[in-house]
Amino acid sequence: MEAGILDKWSTEVGTRAHGLHIAAHECSMFEARTKRNGWVRLPYAALLGTEYTPDSRVRLVFVTHIVDVEGKNLEALYEAIGERKVSRVDESGSEHGDSTGPVVETVGLTARR
């Protein structure tokens, strides 16, 4: 991913921006935090694939879980996940509704069987 994509919404890699934690280096773990259903930390090595629905959802399919991240302006999040640069996503609700950068509104966790 080009630095320009990150520059649109985060002034410094390694900081939190509207529910996202972006690392300057490749991460080995991905953490998803929900407000009601707990937290899960999963290894990127167990990531089977990702799906992007423009401007509304990024789905991560891991061996043991499916993580659905819903919000706004999520293309940069999708790209950063592909580079393994996202260490954590947190639900932030809709309080950042006027933001031009990625905003994580909800995080859904589903165990795979």
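Treat the numbers as computed from the prediction; the structure is a model and nothing was measured.

Caption draft 1: Just the overall build of the protein, in detail. In terms of regular secondary structure, the protein is built from two helices and nine strands. Ordered by position from N to C terminus, the α and β elements of the protein give α-β-β-β-β-β-β-β-α-β-β. The burial tally for the protein puts 41% of its 113 residues in the buried class. Long-range contacts, defined here as pairs at least 24 residues apart, represent 56% of the contacts in the protein between residues at least 6 apart. Of the roughly 6300 Å² that the protein leaves accessible, carbon and sulfur atoms contribute 45%.

Caption draft 2: Quick peek at the pattern of salt bridges. Across all of its chains, the model carries seven salt bridges by this definition. Linking Glu31 and Arg33 is a salt bridge whose minimum nitrogen-to-oxygen distance equals 2.8 Å. Glu31 sits in the buried class, given a relative accessible area of 7%. Across the pair Asp68 and Arg59 runs a salt bridge whose closest N-O atoms are separated by 2.7 Å. The exposure class of Arg59 is partly exposed, given its relative accessible area of 23%. Through salt bridges with shared partners, a single network forms among Glu51, Arg57, Arg59 and Asp68.

Caption draft 3: Representation of the packing of aromatic side chains within the structure. Here the structure, examined in full by the defined rule, presents three aromatic pairs. On the numbers, 5.9 Å between centres and 70° between planes, the contact of Phe30 with Tyr44 is edge-to-face. Of the two residues, Phe30 sits in strand E3 (residues 29-33) while Tyr44 sits in the loop between strand E4 (39-43) and strand E5 (47-53), which places them 14 residues apart along the sequence. Take Phe30: its relative accessible area is 0%, and that puts it in the buried class. The class for Tyr44 is buried, based on a relative accessible area of 1%. Put simply, the rings of Phe30, Tyr44 and Phe62 pair up and form one aromatic cluster.

About the thresholds
- Residues numbered from 1 in each chain as written.
- Predicted model: local features only at pLDDT ≥ 70, side-chain atom pairs only at ≥ 80, totals over all residues.
- Heavy atoms only, no water.
- Helix = DSSP H or I, 4+ residues; strand = E, 2+ residues; numbered from the N terminus.
- Buried < 20%, exposed > 50% of the residue type's maximum accessible area, 1.4 Å probe, protein only.
- Contact = heavy atoms within 4.5 Å.
- Areas by Shrake-Rupley, 256 points an atom, 1.4 Å probe, with all protein chains shown as cover.
- Salt bridge = Lys/Arg side-chain N within 4 Å of Asp/Glu carboxyl O.
- Phe/Tyr/Trp six-rings, centres within 6.5 Å; stacked < 30°, edge-to-face > 60°.

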